[in-house]
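An overview of the molecular structure
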Amino acid sequence: MSMQPQSIPPVPPDTEAVARAAFPKGNIYVLLRDNLGSIYADEMFTALFSKRGQPAESPWRLALISIMQFVENLSDRQAADAVRSRIDWKYALSLPLTDPGFDFSILSEFRQRLISADAEQLLLDKLLERLRDLGLLKRERQRTDSTHVIAAVRHLNRLETLGETLRAALNSLATVAPDWLMSHLHYDWFDRYSRRIENYRLPKLDSEREALGNLIGKDGFALLNAIYATVAPEWLRQIKAVEILRQVWVQQFYAPGEDGEVQWRKTKDMPPSTITIHSPYDVEAHYSNKRSVDWVGYKTHVTETCGEDCPHLITQVYTTLSTVTDDAAVEPIHQGLEEKSLLPNEHLMDTGYVTAEHFVNSRTQYDVEIIGPVRSDPSWQARNHPKFAADQFKFDWDNQVATCPMGQQSVTWLPEIDKRGQPIIDIRFPTAACRACRVRRRCTRSKKDPRGLTIRAQAFHTALQTRRQSQETPEFLHQYHQRAGIEATLSQGTRRTCLRRSRYRGLAKTHLQHILIATALNFLRLDAWFNEVPIAKTRISRFKQLQPKPA
Ligand code: SF4
């Protein structure tokens, strides 16, 4: 496919006349076209197309259609039908009334081109650029939260994963090497792997399930041995489904014993969930859990503005594997916002994101103040007041000496690096003084050893202690209160579109889906802003409203 950039044509007069008559009170797409213009231009997408070949559909239109599709949560077929049949869509796309539209498969091809050219971020960024030029987006306060995203594949149990992985490999081999497969398969495989492996078809008794698992394991090893035999063609090993079969068998079994029987891996020898494959159809979808939610899929972090005098707009979506912790997302989020010149002054985040390192690094590297509570001190002393936790000690950083609540000075001060690569300081107090101490039980549980203390490096320790002291004050709670609004955004994304359920397989396509959703939600918010619909306040129940305010 080739593309010669075309200038954006004006809305044809017939289309405009019919649209104005059909929507005398306005319409989201008519309104956005009138206020923002076409947003995208063909020149933005030249990297996606070659210079030769059949001319492609205008990419500025495909970009807009891809977003409008998510405004209404439409499938590709429904979106292509809307282009053909709806006057508001034709208005936004500058299409004449007689335009016949295009085949729906063009949309999926366009998404693939965006991913291949690493250009998916353009869809959100170009809208944000336009809004900043119009003064609707300012450097101000933003907030971030994450939510789970269920993968577009079935959730499989261990037996189903094995059976489906072997079935997927057989299907791939049947497509690319049918003759080779026919000369190496066992005829009873037709009975076992011709249909989807589904739990309700599997035996109910544990002993029978184990026997079936052993059988599937043996079949897998037999197939892998044939593929990895020296006489087998080399290219068979390059088939993606075969490589997945090899990986799953390594993850689930030890090497077979001398008697040829399969040996299941014990739980302690299983790989961590960050690499365990749950489905051969989406190997990046991993198991995870957060509070009461268990899922196989991904995680997405949504960041939006929350100022008073501008619409609340999503500025960044960052999709990760489900096993990536929230605090690991802070740095990439700030990096992404910096690249767009959209870093906030203040960034509201919950405890999962906030660490001492982020407090300090965000301030020094990005000039961003993180507003969020930190985890309380996990030591038993902090949980059992009035014991002596780290905040009861004084630290002389210049002379590298700590003083305990009884006035005793430390004898060792060792800078070290913890397992996360962060600088820490290991402190010890004198053995004799601690053994003789009359309040020893408030300080250490050891019968003989002196008090030991591990603290962060000065900047991080100070930031942590300062936040722990301030996070219970009414001023902080008032400031942090605004973070809760991001929950409503996640809820809107879930209700209006499919934020928590991936339509596509793989991390890259799921991330693209989230960019489309974020841009679509911004469309909805702009529509509300231009129509002067006030931002909804947090609902308070009738009963709660009766509660007297504290004096
Ligand atoms: S046990 Fe040792 S460190 Fe703790 S208060 Fe007593 S003297 Fe100080």
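Quick caveat: nothing in here was measured; it's all calculated off a predicted structure.

Across its full length, the chain holds 21 helices and 13 strands. Residues counted as buried form 48% of the 551 residues belonging to the chain. Summarising the internal contacts of the chain: among those between residues at least 6 apart in sequence, 70% fall at separations of at least 24. For the chain, the exposed surface amounts to about 28,600 Å²; the carbon and sulfur share of it is 52%. Across the chain, 73 positive and 65 negative side-chain charges occur, with their mean positions spaced 6 Å apart.

Tyr40, Phe45, Trp89, Leu123 and Phe523 are the most contacted members of the largest nonpolar core, which has 79 residues in total. Tallying contributions element by element places helix 20 (residues 507-530) first for this core, with 10 residues. Setting aside its immediate chain neighbours within four residues, Trp89 contacts Tyr29, Ile65, Met68, Gln69, Glu72, Leu74, Ala79, Ala82 and Val83.

Okay, the sheet that holds strand 13 (residues 452-456) next. Taken in spatial order, the three strands make up an open sheet running 11-12-13, and their pairing is antiparallel. Looking at the sheet topology across the chains shown, the edges are occupied by strand 11 (412-417) and strand 13. Neighbour-to-neighbour, the strand axes of the sheet open up by a mean angle of 25 degrees, direction not taken into account. Judged from the five bridges that link them, strand 12 (residues 423-428) and strand 13 form a sheet pairing that is antiparallel. In the strand pairing of strand 13, Ile424 is matched with Arg456. Along the sheet, helix 17 (residues 458-470) contacts strand 12 and strand 13; its crossing angle with strand 13, the most-contacted strand, is approximately 90 degrees.

On to the environment of Ile277, then. Tracing the backbone shows Ile277 in the loop between strand 3 (263-264) and strand 4 (286-290). Taking relative accessible area as the criterion, Ile277 reaches 3% and is therefore assigned buried. C-alpha separation for the pair Ile277 and Thr161, spaced 116 residues apart in sequence, amounts to 8.3 Å. With residues up to four places along the chain from it excluded, the contact list for Ile277 reads Thr161, Ile244, Gln247, Val248, Gln251 and Val283.

This next bit is on the site of the ligand. Taken together, Phe388, Cys404, Met406, Gln408, Phe429, Cys434, Cys437, Cys443 and Arg451 make up the full set of residues near the ligand. For the shell around the ligand, the class distribution of residues is seven nonpolar, one polar and one charged.

With that settled, consider the packing of aromatic side chains. A full pass over the atoms with the stated rule returns 11 aromatic pairs. Consider the rings of Trp249 and Phe253, whose centres lie 5.6 Å apart with planes at 50 degrees: the pair is tilted. Assigned by exposure class, Trp249 and Phe253 land together as buried. Ring plane angle 55 degrees and centroid distance 4.9 Å describe the contact between Phe253 and Trp264, whose orientation is recorded as tilted. Highlighted residues: Phe253 in strand 2 (residues 253-254) and Trp264 in strand 3, separated in sequence by 11 residues.

Attention now goes to the domain arrangement of the chain. Under the domain assignment used here, the chain contains domain 1 (13-119), domain 2 (158-269), domain 3 (291-374 + 483-530) and domain 4 (380-470). Centre-to-centre, using C-alpha coordinates, domain 2 lies 55 Å away from domain 4.

What follows is about empty space enclosed by the protein. Applying the stated criterion across every chain, the model contains two cavities of 30 Å³ or more. Space inside the largest cavity adds up to approximately 60 Å³. The wall of the largest cavity is formed by Tyr29, Leu32, Arg33, Gly37, Ile39, Leu64, Met68, Ala92 and Phe523. Secondary-structure elements contributing two or more residues to the lining of the largest cavity are helix 2 (28-36) and helix 3 (59-71). Top element by residues in the lining of the largest cavity is helix 2. It accounts for three residues. Taken together, Val302, Ile314, Val317, Thr489, Leu490, Leu499, Ile517, Ala518 and Leu521 make up the lining of the second largest cavity. Looking at the lining of the second largest cavity, the elements with two or more residues in it are strand 6 (314-321), helix 19 (485-496) and helix 20. Counting residues per element, the lining of the second largest cavity draws most heavily on helix 20, which supplies three residues. Per-class residue counts for the lining of the second largest cavity are eight nonpolar, one polar and no charged.

With that settled, the discussion passes to helix 3. Here helix 3 is 13 residues long and its end C-alpha atoms lie 18 Å apart, about the 18 Å a rise of 1.5 Å per residue gives. Taking burial as the measure, the 13 residues of helix 3 include 13 buried ones, the bulk of the element.

With 24 residues, helix 20 should reach 34 Å at 1.5 Å per residue; the first-to-last C-alpha distance of 34 Å fits that figure. Helix 20 sits mainly inside the fold: 18 of its 24 residues count as buried. After helix 20 finishes, the residue Glu532 shows a positive phi value of roughly 55 degrees.

So, on to the pairing of strand 4. Where strand 4 meets strand 5 (residues 293-305), five bridges bridge the pair, whose relative direction is antiparallel. Note on strand 5: the bridge partner recorded for Tyr287 is Val296. Taken together, strand 4 and the strand that follows it, strand 5, pair antiparallel across an intervening segment of two residues, in which Arg291 is found at a positive phi of about 50 degrees.

A word on the pairing of strand 5. One face of the sheet, then the other: side chains in a regular strand alternate in exactly this way. Counting buried positions over the 13 residues of strand 5 gives 11, a clear majority of the element. Sheet topology places strand 1 (residues 141-150) next to strand 5; nine bridges connect them, and they run antiparallel. Bridging from a neighbouring strand, Thr144 pairs with Thr303 of strand 5. Across seven bridges, strand 5 lies against strand 6 in antiparallel orientation. Bridge pairing links His301 to Tyr318 in strand 6.

Cut-offs used in this document
Residues numbered from 1 in each chain as written. Predicted model: local features only at pLDDT ≥ 70, side-chain atom pairs only at ≥ 80, totals over all residues. Heavy atoms only, no water. Helix = DSSP H or I, 4+ residues; strand = E, 2+ residues; numbered from the N terminus. Buried < 20%, exposed > 50% of the residue type's maximum accessible area, 1.4 Å probe, protein only. Contact = heavy atoms within 4.5 Å. Areas by Shrake-Rupley, 256 points an atom, 1.4 Å probe, with all protein chains shown as cover. Lys, Arg positive; Asp, Glu negative; His and termini not counted. Charge placed at Lys NZ, Arg CZ, Asp CG, Glu CD. Core = buried A, V, L, I, M, F, W, Y, C linked by side-chain atoms within 4.5 Å. Pairing = 2+ DSSP bridges. Axes fitted to C-alpha atoms, helices over the stretch in contact; angles between N-to-C directions. Near = heavy atom within 4 Å. Nonpolar A, V, L, I, M, F, W, Y, C, P; charged D, E, K, R; others polar. Phe/Tyr/Trp six-rings, centres within 6.5 Å; stacked < 30°, edge-to-face > 60°. Domains from an automatic or database assignment. 1 Å grid on protein atoms, 1.4 Å probe; cavity = no way out; pocket = protein on both sides within 12 Å on 5 of 7 lines; lining within 4 Å. Points joined across faces, edges and corners; volume = space filled by probe spheres on them. Expected span 1.5 Å × (residues − 1).

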